[in-house]
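# Structure assessment
Given next are the chains, with one letter for each unit.
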Amino acid sequence: MAWYIPTDVEDAYPTNTDFISYPAKPLVNPCGAGVWHIEGLRNAGYPFCDLMIGIPKLRVNIVDQNPYVSVFDISAEREDFNTNGLAILCPTECRVKEVLNGEYSVRMRHPMDEDGKWKLIVERNYLKVLGQIFTIMSVTQDFNAHMVECTAEHVFYQLNDGWIFPSAFCDSPPKIAGTTGDEVLRNILMMSTFYAGSDVHRFLYQYYSDIEGINYLNDVGDGMTPVAAILGGNGFCEVVGGKLFRDNFYFSVNSEMEDSDDHAFDLRVGNNLHGITRTVDVSTMCSYIRVYDGEGSWTASSWSPESFPIRQIPHNIVRSVTVSLPEGHDMAAIAQYMHSYFWRYCQPVISYKFQIADSIGNPIYDDISKMYRYKVGDKGTVYDERLGGAVYLEITETEKDGITGKTLNFSVGNRRSFTRPASIPATVHVAQIQDDASSYVWRDKNGVVIRDKDGYVLYTEVDYHA
């Protein structure tokens, strides 16, 4: 008997002259009772055959493991986030807050442990919580309480480290424009400037949008971050009503949030619904709004007379706003901003906050493959007679426990609709929006306003319907 390494086989292992040849195919269970084989859960992992007596089988019930809260170094690359990083943390508290088209952050408290894990919680390092990556932005070390507290923002917001300059490609002020969402997002990222030295890296992001048939136009002005161009005032999401979805190094702006569920939950008082807070605010409401372009043209919208909600407001609340648009814009660009502003302010703000009992980890629901979920953008039904019976709502804010993954509470905010109970004697018809007369100033090919011989500005009244 001699051991040797075959020379005709690449990367071969040592073998023996007395070994039997390898079978053409591996054994596939179930095998014959007289065949020796190995099963990890029987005979302590050693070879056995089924004719042997007293070989028990170990029964293992798989317990779902909550996602680890891990910390990663500032120099981590994308593939590094598939590991556990520098350490698996043991926080005493970890809250994840996500707001529709807004904040996505983590607030965490961690003891100053003997293993020194707390020393890894430093600014610009990364946390991975519930599968998402967050950049640590602030750290507070309390040596009296032996506790570290930090806040972190989603890695999407590293796009804030870039800048869209007023003259990125030419001497004239640039503009962000597009007729589809993909085109707008592509222009925003192409116009953004990021600086990185030889020892510094930045992440690259993938993006998508299903929004089409728009006429988006936004002046860069004095410059802005890519995030401001997407989420800021007069930004892409605000003007076209898009909803931002963030998943680590991928984001999308769709008409309905990506991966959302229209029937995600069913809440009932006394069962899984523990508390409701309802807020109604009419302080920012208006019913007639006029939008100027700063160059003499304007357009307006209001509630149509036949559907004016007289029991909600006794008379029109009139407002106007001037938007900054690039030279050469048309009436459609002004009208797009007008409709955006009208729907933003034409009704009261209603905000609901719900305290719930999340079913995650409850063995009662183990046999249900898809239990209720609570994610920003999801929609579902709430049953409560105090709200008028069944109410169909969309989640705009959540707060989750980053350790267990359970939803602690969620909100339905920035919802605008008229709120007076039906018992009040009033006839409110189906809401209809009226596009009031618009004025579009005449200009020559150089953009100069055209006047008649008496000096009056020439213009056209436009009956525009978007």
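Data block above holds the structure.
Report on the accompanying structure.

Each value, and the rule that gives it
Residues numbered from 1 in each chain as written. Predicted model: local features only at pLDDT ≥ 70, side-chain atom pairs only at ≥ 80, totals over all residues. Heavy atoms only, no water. Helix = DSSP H or I, 4+ residues; strand = E, 2+ residues; numbered from the N terminus. Buried < 20%, exposed > 50% of the residue type's maximum accessible area, 1.4 Å probe, protein only. Contact = heavy atoms within 4.5 Å. Arc of directions from axis to C-beta. Patch = residues over 30% accessible without salt bridge, like charges linked within 9 Å, V, L, I, M, F, W, Y side chains within 5 Å. Areas by Shrake-Rupley, 256 points an atom, 1.4 Å probe, with all protein chains shown as cover. Salt bridge = Lys/Arg side-chain N within 4 Å of Asp/Glu carboxyl O. Pairing = 2+ DSSP bridges. Axes fitted to C-alpha atoms, helices over the stretch in contact; angles between N-to-C directions. Expected span 1.5 Å × (residues − 1).

To continue, consider the environment of Y46. Relative to the helices and strands, Y46 resides in the loop between β2 (15–16) and β3 (70–72). Among the residues examined, Y46 registers a relative accessible area of 56% and is labelled exposed. Beyond its immediate chain neighbours, meaning those up to four positions away, Y46 contacts H37 and I38.

In this section: the environment of C90. Position of C90 among the secondary structure elements: in the loop between β4 (87–88) and β5 (93–99). Along the backbone, C90 and P111 are 21 residues apart, and their C-alpha atoms lie at a distance of 8.0 Å. If we skip the residues at most four places from it in the chain, C90 touches H110, P111 and K117.

Glancing now at helix α1 (residues 181–190). All of the buried residues in α1 are G181, V184, L185 and I188. Buried residues of α1, viewed axially, fall in a sector of 95 degrees; they line one side.

On the surface, W163, F165 and Y195 cluster together into a nonpolar patch covering about 370 Å² of accessible area. Among the secondary structure elements, F165 is positioned in the loop between β10 (163–164) and β11 (175–178).

Read across the open sheet, the 3 strands follow the order β13-β16-β15; overall the sheet is mixed. Only two strands of the sheet have a single partner each, and these edge strands are β13 (206–208) and β15 (243–247). Between one strand axis and the next, the sheet turns by 15 degrees as a mean value, whatever way the strands run. Here β13 runs beside strand β16 (residues 250–254); their pairing, made up of 3 bridges, is parallel. Directly across from Q206, in β16, lies its bridge partner Y250. Relative to the sheet, α1 contacts β13 and β16, its axis offset from that of β13 by approximately 150 degrees.

Per the stated rule, a full pass over the model turns up 11 salt bridges. As a salt-bridge pair, K379 and E256 come within 3.3 Å of each other at their nearest N and O atoms. Here K379 is found in strand β23 (residues 379–384), whereas its partner E256 is found in the loop between β16 and β17 (265–268), with 123 residues between them in sequence. Salt-bridge contacts for D259 lead to K375; the nearest nitrogen and oxygen are separated by 3.0 Å. Separated by 116 residues along the polypeptide, D259 in the loop between β16 and β17 and K375 in the loop between β22 (349–356) and β23 bring together distant segments of the chain. Through salt bridges that share partners, E93, R95, R107 and E399 make up one connected network.

This part takes up helix α4 (residues 331–345). With 15 residues, α4 extends 21 Å between its outermost C-alpha atoms, agreeing within 8% with the 21 Å of an ideal straight helix rising 1.5 Å per residue. Those residues of α4 that fall on the buried side of the exposure criterion are M331, A333, I334, A335, Q336, Y337, M338, H339, S340, Y341 and F342.

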